[in-house]
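Reading the structure
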Amino acid sequence: MKKNYCIIGTGVAAVHAAKAIRDLDPDGHIAVYGAEQGLPYNRIKLSKDLFADLHSEKVLIKKGKWYDKQGIQVFPNTRIERIDIEQHTLVTAAGERLDYDKLLICTGAKNCKLTINGADKQGVFSIRERHEADAFKAYIEDKLHVAIVGGGIQGLETAWSLAKAGKKVTVIEAAPRLMARQLDERVSSRLKETIEAWGAQVYVQASIQQIVGEESVTGIMVNNEVIPCDSVAYAIGVIPNLDLVLDIAIETNRGIVVNDQMETSGTDIYAAGDVTEWRSIVDGLWDCAMEQGKIAGHNMASTEARDYQRVIPLTVFNAFDLPMFTMGVVDESQCDMTMIEEDETGKYTRLFIKNNQIVGVISLESVVAAQPYKAAIDSQASVEGLALHQLTIQEVMRAIKDRECTTVK
Ligand SMILES: Cc1cc2nc3c(=O)[nH]c(=O)nc-3n(C[C@H](O)[C@H](O)[C@H](O)COP(=O)(O)OP(=O)(O)OC[C@H]3O[C@@H](n4cnc5c(N)ncnc54)[C@H](O)[C@@H]3O)c2cc1C
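Residues numbered from 1 in each chain as written. Predicted model: local features only at pLDDT ≥ 70, side-chain atom pairs only at ≥ 80, totals over all residues. Heavy atoms only, no water.

1. Digging into the overall build of the protein
- Helix and strand counts for the protein stand at 9 helices and 25 strands.
- Over its C-alpha atoms, taken along the principal directions, the protein stretches across nearly 70 × 65 × 40 Å.
- Within the protein, the fraction of its 409 residues that count as buried is 50%.
- Look at the contacts in the protein between residues 6 or more apart in sequence, and 59% of them connect residues 24 or more apart.
- A total of about 19,900 Å² of accessible surface is found on the protein, and carbon and sulfur atoms cover 47% of it.
- Considering the protein, the positive charge centre built from 44 side chains and the negative charge centre built from 57 side chains are found 4 Å apart. (Helix = DSSP H or I, 4+ residues; strand = E, 2+ residues; numbered from the N terminus. Buried < 20%, exposed > 50% of the residue type's maximum accessible area, 1.4 Å probe, protein only. Contact = heavy atoms within 4.5 Å. Areas by Shrake-Rupley, 256 points an atom, 1.4 Å probe, with all protein chains shown as cover. Lys, Arg positive; Asp, Glu negative; His and termini not counted. Charge placed at Lys NZ, Arg CZ, Asp CG, Glu CD.)

2. Observations concerning the nonpolar core
- Residues Ile7, Ile83, Leu90, Leu103, Leu104, Ile105 and Val245 are the most contacted members of the largest nonpolar core, which totals 51 residues.
- In terms of residues, this core owes the most to one element, helix α1 (residues 12-24), which gives 7 residues.
- Aside from chain neighbours lying at most four places away, what touches Leu103 is Cys6, Ile8, Ile83, Leu90, Asp268, Ile269, Tyr270 and Met300.
- Grouped together as the second largest cluster of nonpolar side chains are 41 residues, Ile195, Ala200, Phe320 and Tyr348 included. (Core = buried A, V, L, I, M, F, W, Y, C linked by side-chain atoms within 4.5 Å.)

3. Topic: the pattern of salt bridges
- Within the structure shown, the criterion is met by 17 salt bridges.
- For the salt bridge of Asp84 with Arg97, the shortest nitrogen-to-oxygen distance reads 3.3 Å. In this pair, Asp84 is assigned in strand β4 (residues 80-84) and Arg97 in strand β6 (residues 97-99), connecting sequence segments 13 residues apart.
- Residue classification places Asp84 among the buried positions, given a relative accessible area of 16%.
- Residue classification places Arg97 among the partly exposed residues on the basis of a relative accessible area of 44%.
- Between Arg350 and Asp184 there is a salt bridge, with the nearest N and O atoms lying 3.0 Å from each other. Pair noted here: Arg350 is in strand β24 (residues 348-354) and Asp184 is in the loop between β11 (168-172) and α6 (185-197), with a separation of 166 residues, a long-range link. Neither residue differs from the other here; Arg350 and Asp184 are each classed as buried. (Salt bridge = Lys/Arg side-chain N within 4 Å of Asp/Glu carboxyl O.)

4. Let's talk about the environment of Leu242
- Looking at the element boundaries, Leu242 is found in the loop between β17 (238-240) and β18 (256-258).
- Discounting chain neighbours no more than four positions away, the residues touching Leu242 are Thr252, Asn253, Arg254, Gly255, Ile256 and Val275.

5. Here's the deal with empty space enclosed by the protein
- For the structure on display, the rule yields 1 cavity of 30 Å³ or more.
- Volume-wise, the largest cavity comes out at about 60 Å³.
- Lining the largest cavity, in full, are Gly273, Asp274, Thr276, Ile281, Val282, Asp283, Gly284, Leu285, Cys288, Ala289 and Gln292.
- Looking at the lining of the largest cavity, the element that brings in the most residues is helix α7 (residues 286-301), giving 3 residues.
- Of the residues that constitute the lining of the largest cavity, the class distribution is 5 nonpolar, 4 polar and 2 charged. (1 Å grid on protein atoms, 1.4 Å probe; cavity = no way out; pocket = protein on both sides within 12 Å on 5 of 7 lines; lining within 4 Å. Points joined across faces, edges and corners; volume = space filled by probe spheres on them. Nonpolar A, V, L, I, M, F, W, Y, C, P; charged D, E, K, R; others polar.)

6. So, the pairing of strand β16 (residues 231-234)
- Of the two faces of β16, the one lined by Ser231 and Ala233 and the one lined by Val232 and Tyr234 are each fully buried.
- As defined by bridge partners, strand β9 (residues 124-125) adjoins β16 across 2 bridges and the pair is classed as parallel. Bridge assignment links Val124 to a residue of β16, and that residue is Val232.
- The pairing of strand β10 (residues 145-149) with β16 spans 4 bridges and is classified as parallel. In the strand pairing of β16, Val149 is matched with Tyr234. (Pairing = 2+ DSSP bridges.)

7. Focus: α6
- Taking 1.5 Å per residue, 13 residues should reach 18 Å; α6 reaches 18 Å between its end C-alpha atoms and fits that length.
- Residues of α6 that are buried: Val187, Ser188, Arg190, Leu191, Thr194 and Ile195. Down the axis, α6 shows its buried residues gathered within 160° of arc, on one side only. Seen from the buried face of α6, the exposed residues on the opposite side, beyond 90 degrees, are Glu185 and Ala197.
- Looking at the residues trailing α6, positive phi occurs at Gly199, about 95°. (Expected span 1.5 Å × (residues − 1). Arc of directions from axis to C-beta.)

This is the structure:
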């Protein structure tokens, strides 16, 4: 009998899960239900490329033909309201009941809410879904000044999109520095200087008190001073979207708890992507969601289980003409030592080393330079025996490569 696979959510985890299922089960019925309009798209573009046509085919993860060819049915605009785990049934917002043999929950994450006074005024936005980006762009079309609350990657990429579109931008961050999770102090302050050189104002360690205006935004109060602005867009973190599972018997903590096979505690129910918590980790990153989707899909259709191996977190930043990437563990306090190199052209690289292994890197280079570092982190290459204090980073990377070649021979 044909198996009935249901997937909730139309993000990247869902698409890759559906493909993995189809690769193993040519006959099964695969249905993907999503609350948003249209086919699954590249969510990252909502900040990286805000002013592009977000409804063009270029933004799709896969084109319509691909789903037809794969025999994967996508039902956009179809919110699942309830999971009946006893009956193996889903209930849509329109009241339709849908049976499943295997279910995958990929409902992603929700943006954390800004809770200060005035956050409900017209002109305040937080972008997670495409319709929110559409509404934001329409609102600011005839306006000039946007305040961005949140100096993480999403906020800064939005700031860059706005700056390129000729808007006046103010970035406001509560932490002492920008992108504090991904960057060290040196690169954070380089980034701040670069953004300021583009004409944007940047506040760090800011106390954000309220959004002011009658019905709509006219300013934001920071450090007891009102900064006039026409709109506020905030990106202050995400939380797994647990709405569907809160009142059913599926184990949750910060996210839906999954094992290495992406199984939840519910029979025949898997989860993947931003909604999950795996080994106490909630990643909230594109590459991790994609890989978890692949593993979940494989295990839904196969009797030979595959385990999820954590994808090394990689952040790629291209805004304000300051390309950079950061990867792995970049917290000095968790490492035994770091190696730093900076030259007069502004090139900067920092390696993070723990237990004689490279565990992370921050580099002010384009992501094309990331490959050797990725390979070294993935393979847990050893730097034992290398005179790290006398070598350059390039020499260390070469020595690692030479060792690998010798081992392979
Ligand atoms: C603006 C922006 C920029 C980003 N930039 C980066 C970046 O640079 N690098 C990076 O690694 N990551 C980035 N991310 C995060 C990345 O997009 C996510 O990690 C990834 O999209 C997660 O994929 P997912 O499939 O788990 O869930 P999502 O992409 O969140 O998709 C979940 C889908 O499920 C739908 N859904 C929820 N509940 C229901 C329901 N009850 N019924 C039906 N459908 C439902 C939602 O509407 C949504 O369409 C960014 C995110 C945003 C918003």
